[in-house]
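Now for the letters of each chain:
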Amino acid sequence: MSDSVPIFELKQVSQQFNSLSALSEINLQISPGERVALVGSSGAGKSTLINLLNGTLFPTSGEVWALGHNLSRLSPQRLRQVQQQIGTVYQQFHLVDSLRVIHNVNAGHLSRWSFLKAAASLIFPLEVETAAKALARVGIPEKLYARTDQLSGGQQQRVALARVMVQNPLVILADEPISSLDPEHSREIMDLLRKLSQETGKTLVISLHAIEFARTYCDRLIGLQQGKILFDAPVAAVSPEMIEQLYRLEKSGWRSN
Ligand SMILES: Nc1ncnc2c1ncn2[C@@H]1O[C@H](COP(=O)(O)OP(=O)(O)O)[C@@H](O)[C@H]1O
Ligand SMILES: [Mg+2]
């Protein structure tokens, strides 16, 4: 994909949930290799935006373009192909607790594997080497055959990162990947995400409640407030006043949910 084609482009995107307007008239472009943080209070629309970017949600109006495609216009099969290039990491890891780590890591292959191959791999793990390499990169090589539910939260998020490495997408989306971790583990996970994007040129879009992590690890901040973009600027151009304004409603006790 040439550098001139944005990885993502949103044109006048609005998302309604019944009478609630979760996002309204969002316009933005994200270029290959950018590291972008979505920041804002709880209920601002960050997760909704992530779900639109990976095509798990289609906008009520407007267009979401990813990797040169209007996601609402793709056949289910083409959509799955585009989604292979968009990896997502979630706050709650989205792992299967009862499975061994290797199976959760190998789930990164699932969109490429046939059903039979995927089913067989649960009995005889395939691609052990790839999974072992990914686990080594996230710092827990010894956990390959551990049961996932016996790992700590920080280790489970590493498994989720290893899964996304195995998927090897062009873009990584992360929806509050550190909000259930303590500060030390948060730093480690953010270091890994940054390293992954620096080494491979992958585009990163991360929703973060913690503004300091967003400032430290990302190049561009998009501030969302009640479903609208309050600012969209390089980190250096975001002033304390802009941050204050972003969280003003939260401090005054406003909650949308
Ligand atoms: N599936 C849904 N059905 C109804 N309302 C939803 C749904 N998903 C999100 N919302 C609402 O949309 C708004 C934005 O939510 P969300 O994108 O989760 O915000 P954030 O991730 O910034 O906390 C909230 O008011 C939330 O309650
Ligand atoms: Mg959210």
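*Asks:* Even after reading the chapter, I still don't get the site of ligand 1, so can you show me in this structure?
*Replies:* Surveying the vicinity of ligand 1 reveals 13 residues, the closest of which are Phe 17, Ala 22, Lys 46, Ser 47 and Thr 48. Only β2 (20–30) and α1 (46–53) provide two or more residues apiece to the shell around ligand 1. A total of three residues in the shell around ligand 1 trace back to one element, the largest contributor, which is α1. Counted by class, the shell around ligand 1 contains four nonpolar, eight polar and one charged residues.

*Asks:* Quick question: what am I supposed to make of the packing of helix α6 (residues 153–167) against helix α7 (residues 183–200) here?
*Replies:* A packed helix pair is summarised by two numbers, namely the angle formed by the two axes and the spacing between the axes. At a closest axis distance of 10 Å, the pairing of α6 and α7 adopts a crossing angle of 10°. Classified by the angle between their axes, α6 and α7 sit roughly parallel to one another. In this structure, α6 contributes Gly 154, Gln 157, Leu 161 and Met 165 to the contact, and α7 contributes His 185, Glu 188, Ile 189, Leu 192 and Leu 196.

*Asks:* Explanation requested: the sheet that holds strand β4 (residues 61–66) in the structure shown.
*Replies:* In sheet architecture, strand pairing relies on hydrogen bonds along the backbone and comes in two forms, parallel and antiparallel. Reading across from one edge, β2-β1-β4-β5 is the order of the four strands in this open sheet, with antiparallel pairing throughout. Each edge of the open sheet is held by one strand with a lone partner, namely β2 and β5 (69–70). Bridging between strand β1 (residues 8–17) and β4 involves five bridges; their strand directions are antiparallel. The partner of Leu 10 across the bridge, within β4, is Val 64. Across the sheet, α1 is in contact with β1, β2 and β4; its angle to β1 comes to roughly 125°.

Criteria and thresholds
Residue numbers here run from 1 along each chain, matching the order of that chain's written sequence. The naming scheme follows written order: chains are lettered A onward, ligands numbered 1 onward. Where totals are concerned, whole chains, interfaces and linings use all residues; where local detail is concerned, this predicted model gives features only for residues with pLDDT of at least 70, and gives and counts side-chain atom pairs only at 80 or more. Any residue whose C-beta atom, as placed from the backbone, lies within 6 Å of a molecule or strand is termed near it. Helix and strand assignments come from DSSP, with helices taken as H or I runs of at least 4 residues and strands as E runs of at least 2, each series counted from the N terminus. For this classification, Asp, Glu, Lys and Arg are treated as charged, while Ala, Val, Leu, Ile, Met, Phe, Trp, Tyr, Cys and Pro are nonpolar and the rest, including Gly, are polar. A fitted line through C-alpha atoms serves as each axis, taken over the contacting stretch for helices, and the angle formed by two N-to-C directions is quoted from 0 to 180°. Between 65 and 115 degrees an angle is taken as roughly perpendicular, under 35 as roughly parallel, over 145 as roughly antiparallel, and anywhere else as oblique. A pair of residues counts as a contact when their C-beta atoms, built from backbone coordinates, are separated by no more than 7 Å. One bridge is not enough; two strands pair if DSSP finds at least two bridges between them.

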